[in-house]
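Notes for the structure review
As a plain string of letters, each chain reads:
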Amino acid sequence: MNGLLILLIIVLLGVAAWQLSKIFSLTQIGSKRDDSAVANDRDNNINGYLMFAFVAFIYIVTIISFIKCGSFVLDTPASEHGKDYDNLMNISFVIIFIVQTLTQFLLHYFAFKYRGKEGQKALYFADNNKLEAIWTIIPVIVLAVLILYGLYTWNQIMYVDEDEEVINIELYAKQFAWEARYSGEDNTLGKANVRYIKDVNTLGVDMADPAAQDDKVVAEIHLPVGKKIHFRMRSQDVLHSAYMPHFRAQMNCVPGMVTEFAFVPTMTTAEMRGTAMMMKKVDGINKIRAKKSLALVAEGKPALEPYTFDYLLLCNKICGASHYNMQLKIVVESEADYKKWLASQKTIAATIKEANAPKVDPVSETAKVVVDSTKTVAEVVAKK
Ligand SMILES: [Cu+2]
């Protein structure tokens, strides 16, 4: 109903504006004006200066974006390949920035310089081979270098040596959560299929596969610093994307197929928390939180907890209403701490066994013993 009313108001406002413009035209009858519908020098000048105004607008937006959003750029990468990735990104940014600044200036400057003038005719070139060659060959060379460098970097990042010692981890995406599975003692992930999903076996691990017995499903990811981690990604429902921005890693998770990404983390969570850039960022976030907390407390609500930095695995595909909720904490630590943590995690086999174990209710068990006094407690329990 509200929508209909708003629409009606807009239509009525439109009619009113149209009527006003008609009244305005009627008041102009008799006054001297140019009705030829051909641009005169005044129109050409206005358009010429508007061209300048537009290029100024583009530059101002660029400068404001740098000032406002410059601090969102992630600083030091926390993975070995991160430097190559950042290099590629920076080179692309610099080239795009220079080319865009120059070409936009030239485009708008010439549009101004050669704006229409009464009595002036435009010069017509059928073609100019020299100019054509310049604006074809230069972009071809620049693009070829960029693409070749990009392909080389991508291949370096994606190459995983079969014989190299890696830690195998599976990332499982579903609406709207992540789960991670470690390959256990044998360092081999057991087979899995969506058809095997049942009760606590939320990843559909094939428990008939010997390699699956020691696999561990965990609630947060722990990684040892300096070791190569080989991630394999699966999705249960729709397209998701495993995104670990601090490690410069992203890979789509596609239902029905396994995708991969491998990297070596180079900075522990503690080391990243200690960098000047991160401390400044966390400080900024906590200042905003403190301000919001003041307003919350005034309303009688609890204050916000202060923020501490943690690496995150995020979903980078808009996969549904709670897409933003898809995140999993990643802890990078020393190898000793990592081993200690991993040892404390339960295997899937143990979790399933525990879930399927008959529930012994101590109260009814005692009652049975009392009622059936001809049997011993041991007999009752054994029968059970
Ligand atoms: Cu998602």
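Here's what I pulled together on the structure shown here.

1. Observations regarding the overall build of the protein
- The secondary structure content of the protein amounts to ten helices and ten strands.
- Relative to the globule expectation of 21 Å for 384 residues, the C-alpha radius of gyration of the protein, 33 Å, shows a markedly less compact shape.
- If one aligns the C-alpha atoms of the protein with their principal axes, the spans along those axes are about 120 × 60 × 45 Å.
- Per-residue burial for the protein yields a buried fraction of 16% across its 384 residues.
- Within the protein, contacts between residues separated by at least 24 positions form 67% of all contacts whose residues are at least 6 apart in sequence.

2. Here we look at the sheet that holds strand β6 (residues 240-244)
- Spatially, β4-β10-β9-β6-β7 is the arrangement adopted by the five strands of the open sheet, whose pairing is mixed. The outermost strands of the open sheet, each flanked by one partner alone, are β4 (221-224) and β7 (249-253). Ignoring strand direction, the axes of neighbouring strands in this sheet form an average angle of 20°.
- Pairing of β6 with β7 involves five bridges; the strand directions are antiparallel. Paired with Met244 across the two strands is Ala249, which belongs to β7.

3. Here's the deal with the sheet that holds strand β2 (residues 177-182)
- Strand order across the open sheet formed by five strands is β3-β2-β1-β5-β8, with mixed pairing between neighbours. Strands with a single pairing partner mark the edges of an open sheet, and in this sheet they are β3 (216-218) and β8 (259-263). Each neighbouring strand pair of the sheet contributes to a mean axis angle of 25°, computed without reference to strand direction.
- Here five bridges tie strand β5 (residues 229-235) to β8, and the two strands are oriented antiparallel to one another. Residue pairing in the sheet places His230 in a bridge with Ala262 of β8.

4. Overview of the pairing of β4
- On β4, burial covers both faces: Ile221 and Leu223 on one face and His222 and Pro224 on the other are all buried.
- Pairing analysis gives four bridges linking β4 to strand β10 (residues 327-333), with the strands arranged parallel. Bridge pairing links Pro224 to Glu333 in β10.

5. Some words on the nonpolar core
- By size, the foremost hydrophobic cluster in this structure holds 37 residues, and its most contacted members are Leu171, Ala173, Trp178, Phe231, Ala242, Leu313 and Ile330.
- Among the elements that line this core, the one with the most residues is strand β1 (residues 167-174), at four residues.
- When residues no more than four places from it in sequence are discounted, the contact partners of Ile330 are Ile221, Leu223, Met244, Tyr311, Leu312 and Leu313.

6. Examining the packing of helix α2 (residues 41-69) against helix α3 (residues 82-113)
- Here α2 crosses α3 at 165°, and the two axes come no closer than 8 Å. It follows that α2 is roughly antiparallel to α3 by the angle criterion. As α2 packs across α3, the resulting crossing turns out to be left-handed. Contacts between α2 and α3 pair Gly48, Met51, Phe52, Phe54, Val55 and Ile58 from the former with Gln104, Phe105, His108, Ala111 and Phe112 from the latter.
- Here the residues of the contact of α2 with α3 sort into eight nonpolar, three polar and no charged.

What counts, and at which threshold
- Residues numbered from 1 in each chain as written.
- Predicted model: local features only at pLDDT ≥ 70, side-chain atom pairs only at ≥ 80, totals over all residues.
- Helix = DSSP H or I, 4+ residues; strand = E, 2+ residues; numbered from the N terminus.
- Rg over C-alpha atoms; globule rule 2.2 N^0.38 Å.
- Buried ≥ 20, exposed ≤ 12 C-beta atoms within 10 Å, placed from the backbone.
- Contact = placed C-beta atoms within 7 Å.
- Pairing = 2+ DSSP bridges.
- Axes fitted to C-alpha atoms, helices over the stretch in contact; angles between N-to-C directions.
- Core = buried A, V, L, I, M, F, W, Y, C linked by C-beta atoms within 7 Å.
- Parallel < 35°, antiparallel > 145°, perpendicular 65-115°, else oblique.
- Left-handed = near helix turned anticlockwise from the far one by under 90°.
- Nonpolar A, V, L, I, M, F, W, Y, C, P; charged D, E, K, R; others polar.

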